[in-house]
Amino acid sequence: MDKRFFAALVLAVGVALSGLFIYMGIHQIAYHDRAVTVKGLSTRDVQADYVVWPLEFSVSGNDLVALHQQVLDVNQTVRAFFLEKGFTVEEITAGNSSVEDAWNYNYEHLPANRYTIRASVIITTSNVNLVLQNQGCQSELLAKGVILNSYNWNTKYEYNGLNDLKPEMIEEATKNARAVAQKFADDAQCSLGSIRNASQGQFSIEADDYQPWIKHIRVVTTVDYYLK
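None of the values given here were measured: they were computed from a predicted structure. (Residues numbered from 1 in each chain as written. Predicted model: local features only at pLDDT ≥ 70, side-chain atom pairs only at ≥ 80, totals over all residues. Heavy atoms only, no water.)

In this section: the packing of aromatic side chains. Per the stated rule, a full pass over the model turns up four aromatic pairs. Between F81 and F82, the ring centres sit 5.0 Å apart and the planes meet at 90 degrees, which makes this aromatic pair edge-to-face. Note on F82: relative accessible area 0%, which makes it buried. Taken together through their ring pairs, the aromatic side chains of W53, F81, F82 and F87 make up a single cluster. (Phe/Tyr/Trp six-rings, centres within 6.5 Å; stacked < 30°, edge-to-face > 60°. Buried < 20%, exposed > 50% of the residue type's maximum accessible area, 1.4 Å probe, protein only.)

Here helix α5 (residues 162-187) spans 37 Å end to end across 26 residues, near enough to the 38 Å set by a 1.5 Å rise per residue. Approximately 25 degrees is the largest bend angle found in α5, and it occurs at E168. Residues of α5 that are buried make contact with β1 (35-47), β7 (192-200), β8 (204-207) and β9 (214-227). Within two residues after α5, Q189 carries a phi angle of roughly 55 degrees, on the positive side. (Helix = DSSP H or I, 4+ residues; strand = E, 2+ residues; numbered from the N terminus. Expected span 1.5 Å × (residues − 1). Bend = angle between axes of the 7 residues up to and from the residue. Contact = heavy atoms within 4.5 Å.)

What follows deals with the environment of T77. One can find T77 in helix α2 (residues 64-85). Between the C-alpha atoms of T77 and L141, which are 64 residues apart in sequence, the distance is 8.6 Å. If we skip the residues at most four places from it in the chain, T77 touches K144 and V146.

The next subject is the environment of A119. Relative to the helices and strands, A119 is located in strand β5 (residues 115-125). Each C-alpha atom, one on A119 and one on N96, is 6.0 Å from the other, the two residues being 23 residues apart in sequence. Those residues within four positions of A119 in sequence are excluded, and the remaining contacts are L55, E56, F57, V71, N96 and S97.

Let us look at the pattern of salt bridges. According to the stated counting rule, one finds eight salt bridges in the structure shown. Between R114 and D101 there is a salt bridge, with its nearest N and O atoms 2.9 Å apart. With R114 in the loop between β4 (98-101) and β5 and D101 in strand β4, this residue pair connects regions lying 13 residues apart in the sequence. Look at R114 and you get partly exposed, because its relative accessible area is 25%. The exposure class assigned to D101 is buried, which follows from its relative accessible area of 14%. Close ionic contact of E171 with K175 constitutes a salt bridge, the shortest N to O distance being 3.3 Å. Here the residue E171 and the residue K175 both occupy positions in helix α5, the gap between them amounting to four residues, near one helical turn. Through salt bridges with shared partners, a single network forms among R44, E168 and E172. (Salt bridge = Lys/Arg side-chain N within 4 Å of Asp/Glu carboxyl O.)

Pasting the structure below:
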């Protein structure tokens, strides 16, 4: 074979391969530049699994010793009442108390009752349904001589099972994101590729406006998919 012909053949092959590599590189770059960003949502409505229920009351008079005994008596009455309702001894505790001396800031017209002691009994329990069943008990306690100053909005409902829900909610949000991306790819008449990038949003827990023991949980994932 003529040496000049062989050299020309080698040069031609080299040019062809170079062109092929350049084409593949440009195609790969173009492929990586074609992507779609979508979001996937997952939500759950769950009932709170823990509740803190403060039951506040107050007593007034001029004898601090007698008032202290009244606080003890009310505590005992409230405790016995809720034990009958089905709560346990461990779930019922005495809260903090404070004393207010009305004569400290009333110099001209002293009120008849100088001292007011504000105290509370606090129920902390995972038996949320039992709390819900007894939130209208003020009238029953009133018949026993106890006036509660608390309202239901003071009750704090918590949900502690988020870690158990996270895996399935993230999976659901990711599936929803892929479904949106697939629809976009179909409309664009192209194929959906692999994930280029993904990020998990923050989990949020919000109480229902009218039923605070119901918690609305949501998470949003953001996923970038390649388009072919």
